[in-house]
Amino acid sequence: MKYDWRKQEKKLYSPGEMPEEVCVPAQRFLMISGKGNPNHEDFSNRVGVLYSLAYSIKMRYKAERKGMGNRDADMEEFAVYPLEGVWDMEEETGADAHVLEDKEHLRYTIMIRQPDCITEEMYEAALAAVKKKKPNPLLDEITWEICEEGRCVQILHTGLFDDEPESFRKMDLFLEEMHLKRRSKTHREIYLKDMSRTAPKKMKTILRYTV
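Described in the following lines is the structure provided in the data block. One numbering rule holds for all chains: residues counted from 1, following each sequence as written. Given that the model is predicted, a residue must reach a pLDDT of at least 70 before its local features are reported, and side-chain atom pairs must reach 80 or more before they are shown or counted; all residues, however, enter totals for whole chains, interfaces and linings. Just so you know, side-chain values use all the structure's heavy atoms and leave hydrogens and water out.

### What about the overall build of the chain?
And then number 1: Only DSSP runs of H or I reaching four residues or more are called helices, and only runs of E reaching two or more are called strands; each is numbered from the N terminus. For the chain, the count of helices and strands is five helices and eight strands.
And then number 2: Of the regular secondary structure in the chain, the N- to C-terminal order runs β-α-α-β-α-β-β-β-α-β-α-β-β.
And then number 3: A compact globule built from 211 residues should have a C-alpha radius of gyration of about 17 Å, and the chain, at 18 Å, falls within 12% of that.
And then number 4: Principal-axis analysis of the C-alpha atoms gives the chain an extent of 55 × 35 × 30 Å.
And then number 5: Within the chain, buried positions represent 46% of all 211 residues.
And then number 6: Sequence-distant contacts in the chain: of pairs separated by 6 or more residues, those separated by 24 or more amount to 76%.
And then number 7: Here the open area of atoms and residues is found with the Shrake-Rupley method and a 1.4 Å probe, where only the protein chains shown may cover a residue. With the model as given, the accessible surface of the chain reaches about 11600 Å², and the carbon-plus-sulfur share is 50%.
And then number 8: Averaged over its 35 positive side-chain charges, the chain has a centre that lies 7 Å from the centre of its 39 negative ones. The reference for a compact globule is 2.2 Å times residues^0.38; the radius of gyration itself is calculated from the C-alpha atoms. Any residue under 20% of the maximum accessible area for its type is buried, any over 50% is exposed, and the rest in between are partly exposed; the area is computed with a 1.4 Å probe on protein chains only. Whether two residues are in contact is decided by their heavy atoms: any pair within 4.5 Å suffices. Positive residues here are Lys and Arg, negative ones are Asp and Glu, while His and the chain termini are left out of the count. Here the site of a charge means atom NZ of a Lys, CZ of an Arg, CG of an Asp or CD of a Glu.

See below:
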């Protein structure tokens, strides 16, 4: 059976275009941090190295399951999860990341979730193999982390990243109406479509606050 987050985790990955509450459990991630404008090459390089490792983990897992000859396994294959990013700003700006006009002051941690069947030992083995086959200094910056967001508010934003403030305004109004408070000034974005292959106006992004 192939595990596909699009079908089996709709509550987390299929919000509507109006804010809603969701409880996000503990999840395992490959992570890498950076700062500055996400339109610059450094950001795309970090995205690329994350995907390189994520697909290596997937292929190694698939090969191992096939080699075991266990056709009764709960999961023989899985779809790679979407890219996510937690966005913040440099402390001296004193602003929320989603209202910051100067993108040079942004700080971020981008990540790709791993299914529960992937262990830290599997990650370390895949990382060592990728370093040997495709050396890249950014691989040394990737970490394996467990993140539990808990209670959140999220919304689906369709269109340009620069138009996200309108969706954030809807979220802020929802928080006020529901008497909820954000736990931090950071926010999470989940990119449901490949940024390199999708027209900006057709991008679909989940925006999420922890509350």
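### Description of the pairing of strand β6 (residues 143–158)
And then number 1: Here eleven bridges tie strand β2 (residues 20–35) to β6, and the two strands are oriented antiparallel to one another. Bridged to E21 within β6 is V153.
And then number 2: Here a strand pair is declared whenever DSSP counts at least two bridges between the two strands. Relative to strand β8 (residues 204–210), β6 runs antiparallel, the two sharing seven bridges. In the strand pairing of β8, T158 is matched with K204.

### Let's talk about the environment of M31
And then number 1: Within the secondary structure layout, M31 lies in strand β2.
And then number 2: By relative accessible area, which is 13% here, M31 ends up buried.
And then number 3: As for M31 and I112, which are separated by 81 residues in sequence, their C-alpha atoms are 6.8 Å apart.
And then number 4: Once residues within four sequence positions are removed from consideration, M31 is found in contact with L50, T109, I110, M111, E141, I142, T143, E145 and C147.

### With respect to the nonpolar core
And then number 1: For this analysis, a nonpolar core means a set of buried residues of the types Ala, Val, Leu, Ile, Met, Phe, Trp, Tyr and Cys, connected via side-chain atoms within 4.5 Å. Formed by 42 residues in total, the largest nonpolar core has its most connected members in L30, L50, L53, I110, Y123 and I142.
And then number 2: Among the elements that line this core, the one with the most residues is helix α3 (residues 41–68), at eight residues.
And then number 3: Once you skip the residues sitting within four places of it in the chain, L50 turns out to touch L30, M31, I32, L83, I110, M111, I112 and I142.
And then number 4: Core analysis: the next-biggest nonpolar cluster, separate from the first, contains ten residues, I155, F168, L175 and L207 among them.

### Overview of the sheet that holds strand β4 (residues 83–89)
And then number 1: The strand order around the closed barrel built from six strands is β2-β5-β4-β7-β8-β6, with neighbouring strands paired in antiparallel fashion. Neighbour to neighbour, the strand axes of the sheet diverge by 45° on average, direction disregarded.
And then number 2: A fitted line through C-alpha atoms represents every axis, and for helices the fit uses only the stretch in contact; the resulting angles, taken between N-to-C directions, go from 0 to 180 degrees. On top of the sheet, helix α5 (residues 164–178) reaches β2, β6, β7 (187–191) and β8; it is set at about 35° to β8, its chief contact.

### Some words on helix α4 (residues 120–133)
And then number 1: Here, expected helix span is obtained from the residue count minus one, scaled by 1.5 Å. Along its 14 residues, α4 runs 20 Å from first to last C-alpha, staying within 8% of the 20 Å computed at 1.5 Å per residue.
And then number 2: All of the buried residues in α4 are Y123, A126, L127 and V130. Projected onto a plane normal to the axis of α4, the buried residues spread over an arc of 105° and lie on a single side. Exposed and facing more than 90 degrees away from the buried side of α4 are E121 and K132. Directions drawn from the helix axis to the C-beta atoms are what define this arc.

### Structural notes on α5
And then number 1: If you check α5, its first and last C-alpha atoms are 21 Å apart, about what 15 residues at 1.5 Å a residue would give, namely 21 Å.
And then number 2: Those residues of α5 that fall on the buried side of the exposure criterion are E164, S167, F168, M171, F174 and L175. Taken around the axis of α5, the buried residues stretch over an arc of 115°, which confines them to a single face. Set apart from the buried face of α5 by more than 90 degrees, the exposed residues are R169, E176 and E177.

### Some details on the packing of aromatic side chains
And then number 1: Here is the rule: rings of Phe, Tyr and Trp (six-membered ring for Trp) pair when centre to centre is within 6.5 Å. Planes less than 30 degrees apart are stacked, more than 60 are edge-to-face, and the remainder are tilted. By the definition in use, this model includes eleven aromatic pairs.
And then number 2: Connected via pairs of aromatic rings, a cluster forms that spans W5, Y13 and Y81.
And then number 3: Over a ring means this: the NZ of a Lys or the CZ of an Arg is within 6 Å of the ring centre and within 35 degrees of the ring normal. Of note, R182 hangs over the ring of Y209, and the distance from its end group to the ring centre comes to 4.0 Å.

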